[in-house]
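# Structural description and commentary
Take a look at the letters that make up each chain.
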There are 2 protein chains.
Amino acid sequence: MIRRGVGRSGCQTGAVAARELVVLGTASMVPTRDRNHNGYLLRWDDAGILFDPGEGTQRQMTRAGVSASSITRIALTHLHGDHALGLPGVVQRLSLDQVPHVVPVSFPASGAPWVERLVDATVYHRAVELDLQPLLQDGPVPDGPGPGARTPLTLTARRLDHTVEVFGYRVDEPDGRRMLPDRLAGAGLSGPAVGRLVADGVAVGARGQTVRVEDVSEVRRGQSAAFVMDTRVCDAAYALADGVDLLVIESTFLERDVDAARHYGHLTARQAATVAAESGARSLVLTHFSQRYTDPREYEREARDVFDGELTVARDLDRVPVPRRE
Amino acid sequence: MIRRGVGRSGCQTGAVAARELVVLGTASMVPTRDRNHNGYLLRWDDAGILFDPGEGTQRQMTRAGVSASSITRIALTHLHGDHALGLPGVVQRLSLDQVPHVVPVSFPASGAPWVERLVDATVYHRAVELDLQPLLQDGPVPDGPGPGARTPLTLTARRLDHTVEVFGYRVDEPDGRRMLPDRLAGAGLSGPAVGRLVADGVAVGARGQTVRVEDVSEVRRGQSAAFVMDTRVCDAAYALADGVDLLVIESTFLERDVDAARHYGHLTARQAATVAAESGARSLVLTHFSQRYTDPREYEREARDVFDGELTVARDLDRVPVPRRE
């Protein structure tokens, strides 16, 4: 039997459900004909973490085929409009669609007055239960992917360096174990007995011997993803990106405007790609583009100079898979 | 010399600048792939009245080629999200583009707590001056098209019949006078002398006689437009629509769902068209469509049964001209 997802002991025993980034918007401060304001849904098995819903996210969800019920947590990096003005529409849509699970909403604590306005921005009947989580310091965010998801994930926030308080995020799947078919065969375990071994951590082998999960499996490193915006180059950006499978990072500017990037608290494409390369990220998604540049190939060229992994210069409605395990 | 616009005495002496409705969105509660939430800019010479900016209006403006500076007033009918969640983005864009004129924002007084949140919804520097105008009763709205417009227009609000307090609006141009070429020739007036007559209301004719504007012109009825949503059929809808050149009116439902329309405080296409026909509206724009219907020709058929003037079943980014004077 194929079991989806992850068992009690964190063993992967079947097909992996979708793990992908659904890009809902890629503009920075000013939206364009082609780019909506920010919005990113990280789908991870049955979890759906919505990062930075900018204005229009609700409609972009419709365009991308994303249901409100697939959102299990909302994570805001900061309270600038291009990262948060879509929150009211999303919350009202969660209510309209009567999403049954509690949806945690994390954000920098200094942004609390604005979050309180956004979740009560116009007249509606709140039918969804929100759990507002102001972040005061770096560290794990309560409830990870949210109580609506069974997927065990750790969500960690770290303060970045922008013109207002910003927290970037990192998602970590716990390490699991990968079953080794030859060891299982050697122990005489197959079929439902493997399922029981996964669930209980121990089983009785064909010869009556005790078989522990560790005897017939190896460590399978958990996957990870990071979401870094808006920020100047800083240690926290590197810490968030360290060894991740998927790094989503702002690249508002090009290197020729590096002074503007520093002034406004942003990254250039080259800086973003350097963070990715030096922190060992496997795949890189650049986004949050200034409307001043019209040719996205410029971002690509700049990033390619320093990063040779999987590179996506994001477009609205792109779906970027979390790379397969190595 | 062609003079644009309207002289001191309200005489039209040259080409008429654009008078049109720019449709920014046509969805009701739920946006679709093809329909953004509401948003309507009534361009009237140098005035631009933005009605009911729903979420995404800022980006729809870009798509429609509408600049922030062309907005001289914002008028909200009520504080449901599909009519107001675009206000923060528009206000922040007015600020970003440093629009120099004061922008009045009118809304039902009972909606004031939400308007206060919307204009301060996320962190930004307010560079535009807003004049918040809570409406307490039917009647003229202060400053009409706003102090940023020279066009003399009266904006009148009337309470409609919905599930929350709603005001519809009506725009009236004052009556002016139309010059009669044969009378001008008879008086021996031409060229710059006509301009002086328009400006001063009186001039000296070729034979030294006193010529009053009334002697060489006839009354030119002012044009008008009405904006009616959300509402059940009610007297105020008829009063707003009375004899207007352009009626923009919600038609959320079709007649087969007339009970739902009544329950939720909305109109059917047939009801909307009946208001238009019985109040003598010259042209009719239906909008604010429920996502439950997929064929807009159904709205058209229902409306055509009762209304034989200019009919537009609005699509996003349509531009509907105010009909030429009769």
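In case you missed it, the structure is sitting above this.
Keep in mind that this is a model prediction, so the values were computed, not measured.

Assigned secondary structure in chain A consists of 10 helices and 19 strands. A globule of 326 residues ought to have a C-alpha radius of gyration of about 20 Å, and chain A, at 21 Å, matches this closely. When its C-alpha atoms are laid out on the principal axes, chain A stretches across 70 × 50 × 35 Å. Expressed as a percentage of the 326 residues in chain A, the buried residues total 59%. Contacts in chain A between residues at least 24 apart in sequence constitute 67% of all its contacts with a sequence separation of at least 6.

On to helix α6 (residues 192-200) of chain A, then. Residues and elements named next belong to chain A. Residues of α6 that are buried include every one of Ala 193, Val 194, Leu 197 and Val 198, and no others. Burial along α6 is one-sided: seen end-on, the buried residues are contained in an arc of 140°. In α6, the exposed residues that point more than 90 degrees away from the buried face are Pro 192, Arg 196 and Asp 200.

Looking now at the pattern of salt bridges. Residue and element names in this part refer to chain B. The tally for this structure, following the rule as stated, stands at 43 salt bridges over all chains. Across the salt bridge formed by Glu 173 and Arg 19, the nearest N and O atoms sit 2.8 Å from each other. You can see Glu 173 sitting in the loop between β9 (167-172) and β10 (176-179) and its partner Arg 19 sitting in strand β1 (residues 19-25), a full 154 residues away along the chain. Side by side, Glu 173 and Arg 19 carry an identical accessibility label, which is buried. Residue Arg 262 pairs with Asp 259 through a salt bridge whose shortest N-O separation is 3.4 Å. One end of the pair is Arg 262 and the other is Asp 259, both in helix α8 (residues 258-264) and 3 residues apart, which spans about a single turn. Residue classification places Asp 259 among the exposed positions, given a relative accessible area of 56%.

Reading guide: rules and limits
- Residues numbered from 1 in each chain as written.
- Chains lettered and ligands numbered in written order.
- Predicted model: local features only at pLDDT ≥ 70, side-chain atom pairs only at ≥ 80, totals over all residues.
- Heavy atoms only, no water.
- Helix = DSSP H or I, 4+ residues; strand = E, 2+ residues; numbered from the N terminus.
- Rg over C-alpha atoms; globule rule 2.2 N^0.38 Å.
- Buried < 20%, exposed > 50% of the residue type's maximum accessible area, 1.4 Å probe, protein only.
- Contact = heavy atoms within 4.5 Å.
- Arc of directions from axis to C-beta.
- Salt bridge = Lys/Arg side-chain N within 4 Å of Asp/Glu carboxyl O.

Geometric descriptors of this kind do not, in isolation, establish any biological role.
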